[in-house]
Amino acid sequence: MKLKQAQKKFISLFLLCTAGIIIGIGILFFKPGTGKKIGTFLNEIAMTNDGYSYAVGKAAPSVVNIYVANLNENYTLPDNSSITSSASGVIMDKSGIIVTNYHVVPSGNEPNKSIFVQTREGKVYQAFVVGCDRRTDIAVLRVNNVTLQPISVSKKEVRIGDIVLAIGNPNNLGQTVTHGIISATARSGTGLVTRDQMNIRDGIQELIQTDAPINQGNSGGALINTKGELVGINTASFSGANTYGIGFSVPVKLVSEVMDEIIRHGKVERGYLGIADDETKNLGQNNGVTIGYVDPLGPAFGILKIGDVITKVDDIPINNVKSLIYLISKSKPGYSMKFEIIRNNATKVYKITLAEDNTAVIN
């Protein structure tokens, strides 16, 4: 009796294993990519905490060196004697889409300059600008007629204390890896003031702060997690005699949004009101934004005045500059917004049609 029960259990187990093997072979046959995903998943589980070679090996082939130089005599390759700057970039799509920083790309008054990317294997390709966005310091490049290895993108929000690695081309030494942690998140910034200066104030960037060293040339490089997934594009660092370990990266979610917008339209379309806040009066203020400047060429000129306090936009309470910038930048040019303000202790309401944000930089 016991023997028959044991035989039944063995047969049931054998049939179950056989069915699992057949199903597995079927999945691999019809969807080969599934096997790769399973293998990657098992490999990640088997990783130890002793090092980060797995993460680097996974992400590094998707990080490129970027050079700005004159063309050679054949107009096909860079003239190595004329390289004016070097930086980094990240391959986002196998069709040749690469993301880097806007301040890396030559300005419009440098028509003799060309952009080249060099892969980890040393192959050099000429790249062309798809579009740029100064507000986030992001530029999108394209390399034509080539298949490249895209980086894996993290779907999770980073947290303070997470270990991260910065991959780039610091000081043109070649691909280099540094490591640190996430020091802070949601550090706001209004974008570039000039090509060499970024305004780290309330703005739209939601920057990641890290103590992973980000040196000159790391601009546009990858900030990755310990799984080798992209979490940000390195963009800037504080420099000074008494400053160390303060670097910033644009979070990958914002990078993807800007990249998609640029690919569709060649630029990022944002509304422009034409005001600046009064920084001295805004400190500690939680009931509106005090206007400190009105652009004479902006749509707010002649309607809003210096000293006005904006309390609501489209009936949404405005508590700080960040919330005001967010609402305006998310609106499209031509959209009419309702502004509720306080002027001389009296509440007034105005309708203003937004213009298009001009993201050009004066060099």
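As a reminder, the structure under discussion sits directly above these lines.
As for the overall build of the chain
Stage number 1. Secondary structure assignment for the chain yields six helices and 23 strands.
Stage number 2. Residues classed as buried in the chain amount to 43% of the 363 residues present.
Stage number 3. When contacts within the chain are restricted to residue pairs at least 6 apart in sequence, long-range pairs at least 24 apart make up 60% of them.
Stage number 4. In the structure as shown, the chain presents an accessible area of about 19800 Å², 55% of it carried by carbon and sulfur atoms.

Focus on the environment of Phe-301
Stage number 1. With respect to the secondary-structure elements, Phe-301 resides in the loop between strand 18 (289-294) and strand 19 (309-313).
Stage number 2. Each C-alpha atom, one on Phe-301 and one on Gly-274, is 7.5 Å from the other, the two residues being 27 residues apart in sequence.
Stage number 3. When residues no more than four places from it in sequence are discounted, the contact partners of Phe-301 are Val-294, Asp-295 and Pro-296.

A word on the pairing of strand 22 (residues 346-353)
Stage number 1. Bridge analysis of strand 21 (residues 336-343) against strand 22 gives eight bridges, and the strand direction is antiparallel. The partner of Arg-343 across the bridge, within strand 22, is Ala-346.

Details of the pattern of salt bridges
Stage number 1. Within this structure, the stated rule accounts for eight salt bridges.
Stage number 2. Residues Glu-261 and Lys-332 are paired through a salt bridge, measuring 3.0 Å at the closest nitrogen-oxygen approach. In this pair, Glu-261 sits in helix 4 (residues 252-265) while Lys-332 sits in the loop between helix 6 (321-329) and strand 21, placing the two residues 71 residues apart along the sequence.
Stage number 3. Asp-315 is the partner of Lys-338 in a salt bridge, and the nearest nitrogen-oxygen pair spans 3.0 Å. Linking Lys-338 in strand 21 with Asp-315 in the loop between strand 19 and strand 20 (316-317), this pair joins segments that are 23 residues apart in sequence.
Stage number 4. Owing to a relative accessible area of 27%, Lys-338 belongs among the partly exposed residues under this scheme.
Stage number 5. The exposure class assigned to Asp-315 is exposed, which follows from its relative accessible area of 52%.
Stage number 6. Connected through shared salt-bridge partners, Glu-261, Arg-264 and Lys-332 make up one network.

So, the pairing of strand 1 (residues 63-69)
Stage number 1. The element strand 1 is largely enclosed, with a buried count of seven among its seven residues.
Stage number 2. The alternating pattern of strand 1 places Val-63, Asn-65, Tyr-67 and Ala-69 and Val-64, Ile-66 and Val-68 on opposite faces, both of which are buried.

Focus on the environment of Ala-87
Stage number 1. Inspection of the secondary structure assignment puts Ala-87 in strand 2 (residues 85-93).
Stage number 2. The residues touching Ala-87, leaving out its near neighbours within four places in the chain, are Val-64, Asn-65, Ile-66, Val-104, Asn-169, Gly-217 and Ser-219.

Looking at the nonpolar core
Stage number 1. Of all hydrophobic cores here, the largest spans 28 residues; its most connected members are Met-92, Val-99, Ile-151, Ile-224 and Leu-230.
Stage number 2. In terms of residue count, helix 4 provides more of this core than any other element does, six residues in total.
Stage number 3. Excluding its chain neighbours within four sequence positions, the residues that come into contact with Ile-151 are Ala-59, Ser-62, Val-90, Ile-91, Met-92, Ala-222, Ile-224, Gly-228 and Leu-230.
Stage number 4. If you look at the next biggest cluster of nonpolar residues, it comprises 18 residues, including Ile-310, Leu-324, Leu-327 and Leu-354.

With respect to the side chain of Thr-119
Stage number 1. Mapped onto the fold, Thr-119 is located in the loop between strand 4 (114-118) and strand 5 (124-133).
Stage number 2. Not counting residues within four places of it along the chain, the set of residues in contact with Thr-119 comprises Val-64, Tyr-125 and Leu-148.

Looking at unusual backbone geometry
Stage number 1. For Asn-145, which is not glycine, the phi torsion reads 55 degrees and is therefore positive.
Stage number 2. Inspection of the secondary structure assignment puts Asn-145 in the loop between strand 6 (138-142) and strand 7 (152-153).
Stage number 3. Judged by its relative accessible area of 83%, Asn-145 falls in the exposed class.

Re the side chain of Ser-331
Stage number 1. Positionally, Ser-331 belongs in the loop between helix 6 and strand 21.
Stage number 2. Owing to a relative accessible area of 10%, Ser-331 belongs among the buried residues under this scheme.
Stage number 3. A polar atom in the side chain of Ser-331 sits 2.9 Å from the backbone oxygen of Leu-327.
Stage number 4. Setting aside residues no more than four positions away along its own chain, Ser-331 makes contact with Arg-270, Gly-271, Met-337 and Leu-354.

What counts, and where the lines are drawn
- Residues numbered from 1 in each chain as written.
- Predicted model: local features only at pLDDT ≥ 70, side-chain atom pairs only at ≥ 80, totals over all residues.
- Heavy atoms only, no water.
- Helix = DSSP H or I, 4+ residues; strand = E, 2+ residues; numbered from the N terminus.
- Buried < 20%, exposed > 50% of the residue type's maximum accessible area, 1.4 Å probe, protein only.
- Contact = heavy atoms within 4.5 Å.
- Areas by Shrake-Rupley, 256 points an atom, 1.4 Å probe, with all protein chains shown as cover.
- Pairing = 2+ DSSP bridges.
- Salt bridge = Lys/Arg side-chain N within 4 Å of Asp/Glu carboxyl O.
- Core = buried A, V, L, I, M, F, W, Y, C linked by side-chain atoms within 4.5 Å.
- Polar contact = N/O pair within 3.5 Å; in protein donor to acceptor, adjacent residues only side chain to side chain.

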